[in-house]
Each structure stands twice: as C-alpha cells, then as structure tokens.
Amino acid sequence: MNRKYRKTIIAANWKMHKTPTETKAFAERLKSAIPRAKRCSIVLCVPFVDIPAAVKLLKDSRIAVGAQNLHWDASGPYTGEISADMLADLDVKYVIIGHSERRALFGESDLMINQKVHAALGAGLRPILCVGEDRQQRDLGVTLEFITYQLKAALAGVSPEDMRRVVIAYEPIWAIGTGQTATPDQAGEVCSAIRSVLRKLYGARIARSTTIQYGGSMNEANAEALLNQEDVDGGLIGTASLDADQFLQIIYTANQDG
Ligand code: 13P
C-alpha cells in the first residue's frame, strides 16, 4: 500500500452468510474494537437483507456498508432484483460488481458488469470492481492479458471523473475460498499491472490514486506481507471476515503506523 497517494480499504464480503440478528452482534463487536487512528477505511459488504441492521448500527461509526450486487436498470420487471437507487436510499456506499462467483454461477457477462458499474456510479455508489484469472489462465501465462481485457470491458465509457470513485479488487479465482493465497509477489505483480492499465486508460494521476485491493484467502496471518506490496491497497476478504476478531486483526494490520 501507499497511503500517500491512495486510500487503503479493508472490505468484508460476507457472501451468503449471516442473518440480520447475527449482523447486529458482529457490528457491535466491530464498532467497539476498531482502532481510533484512521489509516484505513473499513467496509462491510453484507447480504441485502442485512443492510438495514448494518446501516443502523454503524451510523455513527467510520465503517461503511456495502452491497454485493445490484441490477443495471433503474427499475423494471426484474423479479428478485435490487437497483442502485434502492441501495443508495438505504445509505449504502459501496457495491461489489463482477465477483467471480456472480460471473460463474449467475452468468454475468462483461456487458452486464459494465452496465452495473455505470448504474452504481449514476446513483452515487462506489463500485468495487472484481477481476481475476482462473487456474488455467495463470498456468497458460495469459493472466495479465485476461485482466486487461476484463478491466477495459468493465470500465468502457466510465469517465475519468467517475473513475475516481471506482475501487478495483484483484481476486485470482484459484485463491478464493481455497486457502491457497497468492504470494505477495504474485499479488503485487498483478496489482501493479492493473495500475499500468489504468494509467493507459486514465492517466498517471488517476492510476496513482486508485485503490486496488487483493482478495483470495486473505487472513490475519498473510495480510501484512500482502499489504506490504506497494500496489496492494487493501483487501476484499471472504472467509476471514466472518469472524469479527479475525477481521479486526486484518484491520489492525492495515492500520499500523508506517
Ligand atoms: P475468501 O477470503 O474466502 O477466499 O474469499 C475471497 C472473496 O471472494 C472476497 O470477495
């Protein structure tokens, strides 16, 4: 991370875990134990039904609430879907877009992801845009090409001004939920390549100030080495974010002086 130029953001992605009642207990524990120094931003991306409880409990704290998905249209006949305005109205600040689970299990295309990015930005939400290669792409040596393609597709038509509100999360699919974390060098290499793509698309200033997180089996034991990489500006954390104390340990690490 490099706090001089950009925000460090530690975000939880709970996926389909925790009820509103469990959310309340978690938020209370988190609020009572977060460090005073504000060297990193903290975001909880919770299931839709947990949003009201999370927002209510975290209202007077510096912990922001995020969603894990949204629909690209403002309204319409989309049974079971949620719009950007609905989220913004609940005081949601961030939304994860293009997670590999949504791409793989729910058929999200690059076009849908691009439209979701525009919908989020239009409603004043900050997208956390996920990109990442699978095992085969890494083994074939096409990781950087694939991620460049994903970034270009997802960010098509996004203005430089709007880009200032976009967070990128590098999540290698082979590292998600597997306990097989990318090495700090692997994470650093791809996050730095992502910054180079952003430099070409948006110029040096915006590239330098964009937060690029790493996600994929990040935990309290490996967070420090990953965050020590110059271009890794935080984490998007699944499994280790479900336990308040484990998540807090990662926050403490990101919040260390220096
Ligand atoms: P894990 O931390 O469980 O590997 O999940 C990472 C992730 O997918 C965050 O979005």
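Residues numbered from 1 in each chain as written. Predicted model: local features only at pLDDT ≥ 70, side-chain atom pairs only at ≥ 80, totals over all residues. Heavy atoms only, no water.

**Q** Hey, could you run me through the overall build of the chain in this one?
**A** Each helix and strand counted, the chain has 12 helices and 8 strands in total. For 258 residues, the compact-globule estimate of 2.2 N^0.38 gives 18 Å, and the C-alpha radius of gyration of the chain, at 17 Å, lies within 12% of that figure. On the principal axes, the C-alpha backbone points of the chain span a range of 50 × 45 × 35 Å. Taken over 258 residues, the chain has a buried fraction of 52%. In the chain, of all internal contacts separated by at least 6 residues, the share reaching a separation of at least 24 is 74%. Roughly 11600 Å² of accessible area belongs to the chain as shown, and the carbon and sulfur atoms make up 51% of that amount. Positive and negative charge centroids in the chain, built from 30 and 29 side chains respectively, lie 7 Å apart. (Helix = DSSP H or I, 4+ residues; strand = E, 2+ residues; numbered from the N terminus. Rg over C-alpha atoms; globule rule 2.2 N^0.38 Å. Buried < 20%, exposed > 50% of the residue type's maximum accessible area, 1.4 Å probe, protein only. Contact = heavy atoms within 4.5 Å. Areas by Shrake-Rupley, 256 points an atom, 1.4 Å probe, with all protein chains shown as cover. Lys, Arg positive; Asp, Glu negative; His and termini not counted. Charge placed at Lys NZ, Arg CZ, Asp CG, Glu CD.)

**Q** How do you make sense of the environment of E101 when you look at a structure like this?
**A** Its place among the elements puts E101 in helix α4 (residues 100-105). As a C-alpha pair, E101 and I176 span 75 residues in sequence and 9.5 Å in three-dimensional space. In this structure, E101 is in contact with K15, F106 and I176, ignoring residues within four places of it in sequence. A distance of 2.8 Å separates the side chain of E101 from the side chain of K15, its partner in a polar contact. (Polar contact = N/O pair within 3.5 Å; in protein donor to acceptor, adjacent residues only side chain to side chain.)

**Q** Honestly, the pairing of strand β3 (residues 63-67) in this entry has me stumped. Any pointers?
**A** Each regular strand shows side chains that alternate between the opposite faces of the sheet. Here β3 lies mainly inside the structure; 5 of its 5 residues are buried. Residues I63, V65 and A67 point to one face of β3 and A64 and G66 to the other, with burial holding for every one of them. On the question of chirality, the crossover connecting strand β2 (residues 41-45) to the parallel β3 by way of helix α2 (residues 51-58) is right-handed. As judged from the 2 bridges shared by β3 and strand β4 (residues 94-97), these two strands associate in the parallel manner. Note that in β4 the partner of A67 across the bridge is V95. Between the parallel elements β3 and β4, the chain passes through helix α3 (residues 84-89) in a crossover that is right-handed. (Right-handed = clockwise from strand over helix to strand, strands pointing away. Pairing = 2+ DSSP bridges.)

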